Amino acid sequence: MYFKKLKIYFLYILFAIILLFLLTGCYDATSVENLYYAVAIGIDSIDNSDNINLSVQIAQNSSSSGDTNQSTEQKIYKVECVSIDSGINILNNYLSKEIDLLNCSAIIFSEDIAKKGIISFVNTLQNNVEIRPNCNIIISSKTSYELLEKISNSGENFSARAFEYIISSAKFTGYTLDADFNQFFTNMNSANESALAIYATVDENSVQNTGIAIFRNDYMVGHTDTEGVISHLILENKLKSSTINIPSPFKEDETIDLSISFLKNTEIDVNIVNNNPYIECDIYLTANIITSDEASDYSSMENIAKLENNLNRYIENIVSEYLYLTSKQYSCDTISFGEKLSKKYKTLDEFKKVNWDTIYKDSFFNVNAHCKVLSSSLITKQ
Amino acid sequence: MGVQLSKKECIFFICLILFNKLILSFPSLLISVTGTGTTINLIYIGIIALVFISIINKGFKNFPNSDILDISKILGGKTLKTIIGIIYMLLFFTILITFLNDFTNLLKSIYYQNSPTIFILLFFIIGILISNLIGFNSIIKMINLLFPIILISIFISFIGTIDNFTLDKLTPIFGYNYKTTFLDGLVNIFTFSFIGFYYFLQPLLKKPEDFKKINYISFFISFGLLFITICSILTLLPVASTGITINPLYILSRDVSFSVFLQRLDALFILFWILALLCYLSSLVFFINIIFSKVFNVLDIKMPSYLICMLLLACSLYPFNIGLIEFLENIVLKYAIISIVFILGPIILILGNIKFRTKSRKELNKNVF
């Protein structure tokens, strides 16, 4: 009996000792105080050198609590290095805290370095478990350091989400595509797809997403404008909504603003005719009229038909322009038409005989838009 | 042995074996052989695996409450029993050491880059030892608890990435060519290595008459899991990039996000995967214990656990690099599983049954005359 009680006491003591270890916490754990959270990293080439310039934008804890718990202070550190990891090591060496890439929202390459090929950087970053798969790839028209500087000086409250807000505008502008890192990596390593990134134009005072940077393998071959982005989103069925500006059918030299969105998904049919790809795209959109002027009467069926006709021509033009630019000029299958054609073949060996990579630049496109103008919002007639 | 598994426990256990293959590089191994034709190939090898399962079910019909070691004893005496026992022990031990080192490497590269590998290895090996000393029932209870969570995690991975799925990536449906899909792709049958456990399952069942049902149900659930995972990987990643990533399911889980609120769910999944692997490795040691005890007439089946765990630690101290693990998984294990589970096992069952029938006929003739 006595020993049984003693045994229980002994177990209690043992349990208490184990619990004591829990109270000590993790003495060697790394926490917010020990880390610098990189919000974006930029990679630039250096003239006449194999080295790169690595810029790391770091969000620092705000001293005042204010109305938001997001950080508002930031710093950009730039270092010349051989590779991304060696650059981060150099920065870690002279900074008081360790750089952490867990919250990195954007990886920015300058156009110069993107044209020289970036597969080694992309594969290295993919190998880093800290990099989020939804981190965005941005190609800067000037150096990435300049882009980071411009973003910092934009006057907006700066935070780890700064880049996420820029990208999320895609939902209502249609001027940006969601070029996440994982997608970029897989497309870069895919035989049938072209890797795409956000193309940002840096001017004197600001930074704007102005198109898509198009890659063949790992080399950037060119970029499109914002109409190209809208066309791409329409063909990929990823357009949420966008405001476009079409020529007015009622008054010469005037334009009408329309808000477009999908009526139903774009239908694409890819065929090989006389050894050349013949690609048919049927686009179905709805549009709401935004502009209201004194000449407009949107209650008339005739006027709506005219407007629809102009809208169809406009959409067909911008989409055809985009497709011919990417196929003839860049030889890049940005919409993965090759994958759509591969459905018609039973085996990859049969599909390989088509030589898709070679013949894609000789493609013919037949774009048909079937747009419906539905509403003119609050005002129908002046 | 004191182990009596219910139907549900047994099914969960078999499905967990397959899940452990999914979390390692096995989907890559499958896709590397057959490319986009993996979906058709899976159905094809699934049908062949079903034939093997029906052979196993029929083979064990005349031997209730027996495992393959008992049948080997009937067929070729103690010598054959010992040989078969050693072959299966070696197979299970190779799976054990390969999986342990593969997952340790994955865990080290994801979370514990600065920690010595021995710490991670010891975490698993001590866990395996303790769970085996407590008993197989504790492992099975853990599996019961864990399996529904794992199913949910796969389901979340599937739902969370569904927006990025491109069905066009599944084409051309017959892969590289018919030869790779149907002839070279036959080696993909090694994925159903859990069939190897069916040979030892019958004596562990509460109701041995459920053996047939357990085999079929566990096969169909495991096949469903495998099919969903392979389809998800194929529709998300191009065939070329599945070959260059170490673990496609991990890449898939990294991509899971529900808006900006819920991201990086892989951190949570890894926790469940660690527990799942611990359960699987403990089960492997338990099966080695059973074979060891039967072959060498050891009374206490828990005792060999010390020996196996020490051996495991000793072997794991050898630095297993990616090349060696890939060689073990892609060459050694693949062909060892095919020859032991899909060739040797059914041959013993068929010959055992022929001997049983001849013996029964002789006894019947003796009784008649």
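Residues numbered from 1 in each chain as written. Chains lettered and ligands numbered in written order. Predicted model: local features only at pLDDT ≥ 70, side-chain atom pairs only at ≥ 80, totals over all residues.

**Comments concerning the overall build of chain A**
Condition: Numbering of helices and strands starts at the N terminus; helices are DSSP runs of H or I of at least 4 residues and strands are runs of E of at least 2. With C-beta atoms placed from the backbone, a residue counts as buried when 20 or more other C-beta atoms lie within 10 Å of its own, as exposed when 12 or fewer do, and as partly exposed for counts between those limits. Residues are scored as being in contact if the C-beta atoms we place from backbone atoms lie within 7 Å.
Across its full length, chain A holds 13 helices and 13 strands. Across the 382 residues in chain A, those meeting the buried criterion constitute 40%. Look at the contacts in chain A between residues 6 or more apart in sequence, and 69% of them connect residues 24 or more apart.

**Re the packing of helix H5 (residues 117-134) of chain B against helix H12 (residues 266-295) of chain B**
The geometry of a pair of packed helices is captured by two quantities: the angle between their axes and the separation between those axes. Residues and elements named next belong to chain B. Applicable threshold: All axes here are fitted lines through C-alpha atoms, helices being fitted over the stretch that makes contact, and every angle between N-to-C directions spans 0 to 180 degrees. When describing relative orientation, an angle under 35 degrees is termed roughly parallel and one over 145 degrees roughly antiparallel, while 65 to 115 degrees is termed roughly perpendicular and anything else oblique. Should the near helix be turned anticlockwise from the far one by less than a right angle, the crossing is termed left-handed; should it be turned clockwise, right-handed. Polar here means any residue outside two lists: the nonpolar Ala, Val, Leu, Ile, Met, Phe, Trp, Tyr, Cys and Pro, and the charged Asp, Glu, Lys and Arg; Gly therefore counts as polar.
Orientation of H5 relative to H12, taken along the N-to-C sense of each, is 55 degrees, at an axis distance of 9 Å. One finds that H5 runs oblique with respect to H12. In the packing of H5 onto H12, the handedness of the crossing is right-handed. On the side of H5, the interface is formed by Phe 124, Gly 127, Ile 128, Ser 131 and Asn 132, while H12 contributes Leu 278, Leu 281, Ser 282, Val 285, Phe 286 and Asn 289. The residue inventory of the contact of H5 with H12, partitioned by class, reads 6 nonpolar, 5 polar and no charged.

**Considering the domain arrangement of chain A**
Residues and elements named next belong to chain A. We apply this condition: Delimitation of the domains relies on an automatic or database domain assignment.
Domains assigned within chain A are domain 1 (34-223) and domain 2 (226-382). Taken together, the contacts link 18 residues of domain 1 with 20 residues of domain 2. Looking at the side of domain 1 that touches domain 2, the elements that each hand over two or more residues are helix H7 (170-173), strand S8 (207-216) and strand S9 (219-223). The dominant element in the side of domain 1 that touches domain 2, judged by the number of residues it contributes, is S8, at 5 residues.

**Description of the interface of chain A and chain B**
With 22 residues of chain A in contact, the opposing surface of chain B contributes 25 residues. For the side of chain A that touches chain B, the elements supplying multiple residues, two or more each, are helix H8 (181-188), helix H11 (337-342) and helix H12 (348-352) of chain A. The class makeup of the residues in the side of chain A that touches chain B is 6 nonpolar, 8 polar and 8 charged.

**Describing the packing of helix H9 (residues 226-235) of chain A against helix H10 (residues 301-329) of chain A**
All names here are of chain A. At a minimum axis distance of 9 Å, the contact between H9 and H10 shows a crossing angle of 95 degrees. Between H9 and H10, the angle is such that the two are roughly perpendicular. In this structure, H9 uses Glu 227, Gly 228, Ile 230, Ser 231, His 232, Ile 234 and Leu 235 to contact H10, whose residues at the interface are Ile 318, Val 319 and Tyr 322. Partitioning the contact of H9 with H10 into residue classes produces 6 nonpolar, 3 polar and 1 charged.

**Some remarks on helix H13 (residues 304-316) of chain B**
All names here are of chain B. To keep things clear, this is the line we draw: By definition here, a helix of n residues has an expected span of 1.5 Å times n minus one. Think of the arc as the fan of directions from the helix axis to the C-beta atoms.
With 13 residues, H13 extends 18 Å between its outermost C-alpha atoms, agreeing within 8% with the 18 Å of an ideal straight helix rising 1.5 Å per residue. Among the residues making up H13, those that are buried are Pro 304, Ser 305, Ile 308, Cys 309, Leu 312 and Ser 316. With its buried residues spanning 130 degrees around the axis, H13 presents them on a single face. Turned more than 90 degrees away from the buried face of H13, the exposed residues are Tyr 306, Leu 307, Met 310 and Ala 314. Where H13 is buried, its residues meet helix H4 (68-110), H5 and H12.

**Thoughts on the confidence of the model for chain B**
Close inspection of predicted coordinates is inappropriate for parts of the model with low pLDDT. Residue and element names in this part refer to chain B. As a reminder of what qualifies: pLDDT is a residue-level measure of predictor confidence that goes from 0 to 100.
The predicted model of chain B averages 85 in pLDDT, with 95% of residues at 70 or higher. The least confident element of chain B, judged by mean pLDDT, is helix H10 (residues 239-244) at 58; the most confident is helix H3 (residues 38-61) at 91. Overall fold confidence (pTM) sits at 0.82, and the ipTM for the predicted complex is 0.75.

**Here we look at the nonpolar core**
What counts is decided by this rule: Under the definition applied here, buried Ala, Val, Leu, Ile, Met, Phe, Trp, Tyr and Cys residues are grouped into a nonpolar core through C-beta atoms within 7 Å.
One finds B:Leu16, B:Leu96, B:Leu281 and B:Leu284 to be the most contacted residues of the largest nonpolar core, which totals 103 residues. Broken down by element, this core gets its largest block of residues, 16 residues, from H12(B). The contact partners of B:Leu284, leaving out residues within four places of it in the chain, are B:Phe92, B:Ile95 and B:Leu96. Listed in part, the 90 residues of the second largest apolar core include A:Ile52, A:Ala59, A:Val202 and A:Ile244.

**Brief notes about the pairing of strand S6 (residues 136-140) of chain A**
Residue and element names in this part refer to chain A. Inclusion rule: Only when DSSP finds a minimum of two bridges between them are two strands counted as paired.
A large share of S6 lies buried, amounting to 5 of its 5 residues. In this structure, strand S5 (residues 106-110) lies alongside S6, joined through 5 bridges in parallel fashion. Note that in S6 the partner of Phe 109 across the bridge is Ile 139. As paired elements, S6 and strand S7 (residues 196-202) share 3 bridges and run parallel to each other. Of the residues in S7, the one forming a bridge with Ile 139 is Tyr 199.

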